[in-house]
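A closer look at the structure
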Amino acid sequence: MPKISEIVGFTIKDHNRYVAEMSEAKLITADDLIDGILEKQAKGPGPHGLRWPWEKNQDRFAFGEGHLTVLAGENGAGKSTVATQISMHLCASTTVGIISLEMDEVDLGDLMSTQWLGRDGSKTAESLAEWAAEMRKRMWLFENPTDITAERVLGALWAMHDKGVKFVVLDNLQCIKLSTKYDDEKEFLNQLAAVARLTGMHICLVHHLRKSSGDSANQRPTKDRVLGSGAITNIAQNVLLLWADEERQKLAMIQQSGKELLMEDRKKLDGPDLVLTVAKQRFGESYWPQNLWWGNARLLKDQQFGGDCKPGRSL
């Protein structure tokens, strides 16, 4: 699988130069808008863009061209797993890039190959070679540097644009060396949004939620629990919030141990393993949940019993 090696010497001046070259200011008239208006009208109502793997509600959400999505959840909720499943699915129709700043490249490859092959258990050299051959023209990875600065991340994004990448996962914001000042975080988000807008790439930024407590404990999160500056959710076109029901997980473990559950507790097991809430969608419907259940091969499906996990092997 191709890699983009460490971006050496890339500076914020290089980023600003790229932005300036691609966004030359000019005055336009209403005549210049006609083609764009007609094109938008021909598309019909949105949302428009790349679709996620789950057929239920697939027409209600899209990763739009040139947009920024924030995918946020608590530690261990499954954010990276969801992001890689979406990436494996999108490889069927476009070129994908992954900048994984938290997960080791080998661990990431193990997860992605499991999802693509669509089965658990041991892999063979032959099956991995088949996976790698398919990914060779579909996916680019950023070889994780030891010093993760904003400049290197921006450099990696521009390099992926040069390779024709259309959808990028950036996992995750907490790993990037930014100051604790909210203004610096806001500036970096504006830089990400500028890269997305100018290149047409869709950037999916993985991020964390504040730990729930008190009345919010084990409740589906809202946008105000996204860690850091409010600019994160304001600048992004889309905000997806991933939530795992801890109470349901505990009850499932009790049941698996052979202990009998009360009737009211058994009913709670009918709920989803994870809920992916569309908390914001600037060009579509917001505030609705996508229920998900774990299936085989570390894939999530949109129904509890049966259903297709959409493994990448169906490419």
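Let me begin by describing the structure that accompanies this report. (Residues numbered from 1 in each chain as written. Predicted model: local features only at pLDDT ≥ 70, side-chain atom pairs only at ≥ 80, totals over all residues. Heavy atoms only, no water.)

With that settled, the discussion passes to the pairing of strand β6 (residues 202-208). One face of the sheet, then the other: side chains in a regular strand alternate in exactly this way. Most of β6 is tucked away: seven of the seven residues are buried. Burial of β6 is two-sided: the residues H202, C204, V206 and H208 facing one way and the residues I203, L205 and H207 facing the other way are all buried. With six bridges joining them, strand β2 (residues 68-73) and β6 adopt parallel strand pairing. When the bridges of β6 are listed, A72 appears paired with H207. In this sheet, β6 lies alongside strand β5 (residues 167-171) in parallel orientation, the contact comprising five bridges. Residue pairing for β6: L170 is matched across the bridge by L205. Once you follow β5 into helix α7 (residues 182-199) and on to β6, the crossover reads as right-handed. (Buried < 20%, exposed > 50% of the residue type's maximum accessible area, 1.4 Å probe, protein only. Helix = DSSP H or I, 4+ residues; strand = E, 2+ residues; numbered from the N terminus. Pairing = 2+ DSSP bridges. Right-handed = clockwise from strand over helix to strand, strands pointing away.)

Per the stated rule, a full pass over the model turns up seven aromatic pairs. Measuring from centroid to centroid gives 6.0 Å for F10 and Y18, while their planes differ by 35 degrees, and the two rings are tilted. Among the residues examined, F10 registers a relative accessible area of 13% and is labelled buried. Measuring from ring centre to ring centre gives 5.0 Å for Y18 and W158, while their planes differ by 55 degrees; the resulting arrangement is tilted. Within this pair, whereas Y18 is found in helix α1 (residues 12-22), its partner W158 is found in helix α6 (residues 150-162), the two being separated by 140 residues in sequence. Here W158 falls in the buried class, since its relative accessible area comes to 4%. Of the aromatic side chains, those joined through ring pairs into one cluster are W52, W54, F61, F63, F167 and W288. (Phe/Tyr/Trp six-rings, centres within 6.5 Å; stacked < 30°, edge-to-face > 60°.)

This next bit is on the nonpolar core. I99, L157, I176 and F188 are the most contacted members of the largest nonpolar core, which totals 44 residues. For this core, the elements supplying multiple residues, two or more each, are β2, β4 (139-142), α6, β5, α7, β6, α8 (231-235) and β7 (238-244). Top contributing element to this core by residue count: α6, with eight residues. For I99, the contacting residues outside a window of four places in its chain are F142, V153, A156, L157, M160, V168, V169, L170 and D171. With 36 residues, the next largest nonpolar core counts W54, C91, M139 and L141 among its residues. (Core = buried A, V, L, I, M, F, W, Y, C linked by side-chain atoms within 4.5 Å. Contact = heavy atoms within 4.5 Å.)

For the structure on display, the rule yields eight salt bridges. The partner of R17 in a salt bridge is E21, with the nearest N and O atoms 3.7 Å apart. Note that R17 and E21 are positioned in helix α1 at a spacing of four residues, about one turn of the helix. Among the residues examined, R17 registers a relative accessible area of 40% and is labelled partly exposed. Across the pair E285 and R60 runs a salt bridge whose closest N-O atoms are separated by 2.8 Å. Remark: R60 occurs in the loop between α2 (34-43) and β2 and E285 occurs in the loop between β8 (274-281) and β9 (288-294); sequence separation between them is 225 residues. It is possible to trace a salt-bridge network through shared partners that takes in E74, K211, R225 and E246. (Salt bridge = Lys/Arg side-chain N within 4 Å of Asp/Glu carboxyl O.)

Following both chains from N to C, one finds α1 and α7 inclined at 40 degrees, their axes separated by 10 Å at the closest point. Seen from above, α1 lies across α7 with left-handed handedness. Here α1 contributes I12, H15, V19 and M22 to the contact with α7, which in turn contributes Q191, V195, L198 and T199. Of the residues belonging to the contact of α1 with α7, the class tally is five nonpolar, three polar and no charged. (Axes fitted to C-alpha atoms, helices over the stretch in contact; angles between N-to-C directions. Left-handed = near helix turned anticlockwise from the far one by under 90°. Nonpolar A, V, L, I, M, F, W, Y, C, P; charged D, E, K, R; others polar.)

What follows is about helix α4 (residues 105-117). Over its 13 residues, α4 extends 18 Å from the first C-alpha to the last, a length consistent with the 18 Å expected when each residue adds 1.5 Å. Residues of α4 that are buried: L108, G109, L111, M112, S113, T114, Q115, W116 and L117. Here the buried face of α4 lies against α3 (79-90), β3 (96-100), α5 (125-135) and β4. The opening residue of α4 is D104, an N-cap whose side-chain oxygen sits 2.8 Å from the backbone nitrogen of V106. Looking at the residues trailing α4, positive phi occurs at G118, about 75 degrees. (Expected span 1.5 Å × (residues − 1). Polar contact = N/O pair within 3.5 Å; in protein donor to acceptor, adjacent residues only side chain to side chain.)

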